[in-house]
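Structural overview
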Amino acid sequence: MSIVDHAAWTRRGFLTGMGTAVLLAGLPGGTGPTAAATRDFRLRAGVSKTRLLPEPGAETEVWSYNGRVPGPALRVRQGERVRVAVANGLAEETTVHWHGLRLPNRMDGVPHLTQKPIAPGENFVYEFDAPDAGTFWYHPHQRSFEQVGRGLYGPLIVEEREPPAVDRDLTWVLDDWRLLPSAQISDDFGHFHDVSHSGRLGNIATINGRVPETFAVRAGERIRLRLINAANARIFGLEFAEHRPWIIAFDGQPVEPHEPEGGRIVLGPAMRVDIVLDMTGPPGGRFGVTDSFYRGMGYRLVEMVYADTALRPRPPDGPIALPSNPLAEPDIAGAKRHEIIFGGGMMGMMQGARVDGKWTDIRTMARQGLLWAINGVAAAGHVLEPLAALRRGSSHVLAMTNDTAWHHPIHLHGHSFRVLSRNGVPTRRREWQDTVLMNPRERVDIAFVADNPGDWMFHCHVLEHQAAGMTGVIRVA
Amino acid sequence: MRKIFAVLTIAMMLIGSNVTVADEPSRHATLYRNPECGCCEAYAEYLRKNGFSVTVKLTHSLPLIKRQHNVQRELEGCHTTLVGGYVVEGHVPVGTINRLLSERPAIRGISLPGMPEGSPGMSGPKREPFTIYEITDGSPRVYAVE
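What you see is a predicted model; the values in this text were computed from it and never measured. (Residues numbered from 1 in each chain as written. Chains lettered and ligands numbered in written order. Predicted model: local features only at pLDDT ≥ 70, side-chain atom pairs only at ≥ 80, totals over all residues.)

From N to C terminus, chain B includes four helices and seven strands. Tracing chain B from N to C terminus, the helices and strands come up as α-β-α-β-α-β-β-α-β-β-β. Expressed as a percentage of its 146 residues, the buried residues of chain B come to 42%. Counted over contacts in chain B with a minimum sequence separation of 6, partners at least 24 positions apart contribute 56%. (Helix = DSSP H or I, 4+ residues; strand = E, 2+ residues; numbered from the N terminus. Buried ≥ 20, exposed ≤ 12 C-beta atoms within 10 Å, placed from the backbone. Contact = placed C-beta atoms within 7 Å.)

Structure (structure tokens):
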């Protein structure tokens, strides 16, 4: 099985293809199309082998859900209830975080903060509603720099009640891996160089758990492509040669359809972008999909290969706009403003930070594996004094400054926020996101209504940065 | 396999075949660095100013490069340079490199661990003498203090 199959499957085929996993996952036991149906799934985290590299490369030992990378695609309809029984077949504790879902705090999957971690051999049942349609994903929040890095993640797709008309609805879970020549994962997780610089980036890139060869398409078809960046640290900047993708959603939340700046779709770690890809090339044509994010290090991710016969003369006209999700609109004028400063890392000039309430110089911090800070605090673990305590129902602006030389995708749990401005310049579309990529030295203002009670993680999603201090808690009460 | 980044190819070649770099002309250096690290580029420029020709190779796999060249964890710096058959780890001042290349001791290379302030390519004042260690298969020994 090559990536051709992944990409070429129709949705029906996709589900059939995922059938093994979905069946193992005990797909929806007797759920009918009734309102507020509950959809049941099972996930088992464990060690397995998978083929990341094409033949004759060896198989790779990974940590995975239900034996595959990515884990099974959990598909539900907007408004449905999701129930996932998670079994821990790992030799260490784990949890599952439902990234981007606005769910009850106790279902958020943050060890010690929202639940007791799931011990080896134990189970935990997550149950929550899916209020927003869109592209989400799930992954552990326990030692995520290694657990996610070894392959524990999967897509969670919440379908619109009336999905837009497309020929195919596809998901690409993007990841990179640091492999040794033996095709096994290099075990240097938490390496100082990665932690202190851009995080752990790999030396191969995969789509849906395979180094892809080709992506089979047909002239005249319209594809909805859900991009999910599951990498620890790699930022993807995708270009579809001679094609003009339209962005229709960021992080599961609809956005005014638009073409990406410079034709390049940028996804920081944990971000999702839904695009509409109209196949305007000729039958038999071949076009590259390249990742050009890191200057001087571009590579071709996959090649789009057109079938010899067209599906129709040309793709359907007109952009697709998704119906908006029921998000509370922040009152910007009346919002309380909070300054948030991210510091640390190489070339950051940070002299030290507070660790466990005590000012600690950077050398001592580094010996404890801490190199990053939020508002002068380098956090260890998940149970923390809140950076801010917000009254439930009130509006807030987080005025964030990246005072470092590195990129940081900043994720807030339990909420989506509007991105108001970058370096003081208002954003054109005030997009909703749950993970916003901050460029080095950039200032970004975000706003949201604190309408979901609980202690919520607020952290960099470069998982090495998160583990090395760039993490905090925002309390809504 | 063509989708595998050049980096892996390089790493595989190096790791897979015990390549030595003894044939390299001694004034030519190959410097592996993180693509976003300005200090490492500043160090490459420092080498050029001091008479080396330098090929910079951008990589996200520095931990693999360091492992290939037997740079022990406690001796790691930021970038890794290959010159004259030796590995030079981190922001080593050029005087010590020149001494290494003229003495040609039977070691793998030398390292200035960490990223000390004031060292070539690094900002800030020099706060203390730099201790440069030998990279060998045994425990680290001091090669130079400057």
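This part is about the overall build of chain A. The helix and strand tally for chain A stands at seven helices and 33 strands. In terms of overall dimensions, chain A is globule-like: its C-alpha atoms have a radius of gyration of 21 Å, near the 23 Å expected for 477 residues. By principal-axis analysis of the C-alpha atoms, chain A measures approximately 65 × 55 × 50 Å. A buried classification covers 52% of the 477 residues belonging to chain A. Expressed as a percentage of contacts within chain A between residues at least 6 apart in sequence, the contacts between residues at least 24 apart total 76%. (Rg over C-alpha atoms; globule rule 2.2 N^0.38 Å.)

This part is about the interface of chain B and chain A. Counting residues at the interface gives 25 residues for chain B and 27 residues for chain A. When contributions to the side of chain B that touches chain A are tallied by element, the ones reaching two or more residues are α1 (6-17), α2 (38-49) and α3 (62-68) of chain B. Sorting elements by how many residues they give to the side of chain B that touches chain A places α1 of chain B first, with six residues. Across the side of chain B that touches chain A, the residue classes break down as 17 nonpolar, five polar and three charged. (Nonpolar A, V, L, I, M, F, W, Y, C, P; charged D, E, K, R; others polar.)

The next subject is the pairing of strand β7 (residues 134-139) of chain A. Each regular strand shows side chains that alternate between the opposite faces of the sheet. All names here are of chain A. In terms of burial, β7 is largely enclosed, as six of its six residues are buried. Across the two faces of β7 the burial is the same, with Gly134, Phe136 and Tyr138 and Thr135, Trp137 and His139 all buried. Here three bridges tie strand β5 (residues 97-99) to β7, and the two strands are oriented antiparallel to one another. In the strand pairing of β7, His97 is matched with His139. (Pairing = 2+ DSSP bridges.)

Here we take up the sheet that holds strand β15 (residues 253-258) of chain A. Residue and element names in this part refer to chain A. The six strands lie next to each other as β10-β9-β12-β17-β14-β15, forming an open sheet whose pairing is mixed. Both outer strands of the open sheet, β10 (204-207) and β15, are each paired with one neighbouring strand and no more. Here the average twist between neighbouring strands, direction ignored, is 25°. (Axes fitted to C-alpha atoms, helices over the stretch in contact; angles between N-to-C directions.)

Right, let's talk about the environment of Lys66 of chain B for a bit. All names here are of chain B. Tracing the chain through its elements places Lys66 in helix α3. For Lys66, a count of 25 C-beta atoms within 10 Å translates into the label buried. In sequence terms Lys66 and Tyr86 are 20 residues apart; their C-alpha atoms lie 13 Å from each other. Contacts of Lys66, omitting those with residues within four sequence positions, involve Val71, Glu76 and Thr80.

All names here are of chain A. Within the fold, Asp108 resides in the loop between β5 and β6 (123-129). Through-space distance from the C-alpha of Asp108 to that of Ile223 is 32 Å; in sequence the pair is 115 residues apart. Non-local contacts of Asp108, meaning those with residues more than four positions away in its chain, are made with His97, Leu103, Thr114, His413 and Gly414.

Moving on to the domain arrangement of chain A. All names here are of chain A. Splitting chain A by domain gives domain 1 (3-161), domain 2 (170-306) and domain 3 (336-476). For domain 2 versus domain 3, the distance between C-alpha centres works out to 26 Å. Taken together, the contact pairs 22 residues of domain 2 with 22 residues of domain 3. The greatest single-element share of the side of domain 2 that touches domain 3, amounting to four residues, is contributed by β15. Here the residues of the side of domain 2 that touches domain 3 sort into nine nonpolar, nine polar and four charged. (Domains from an automatic or database assignment.)

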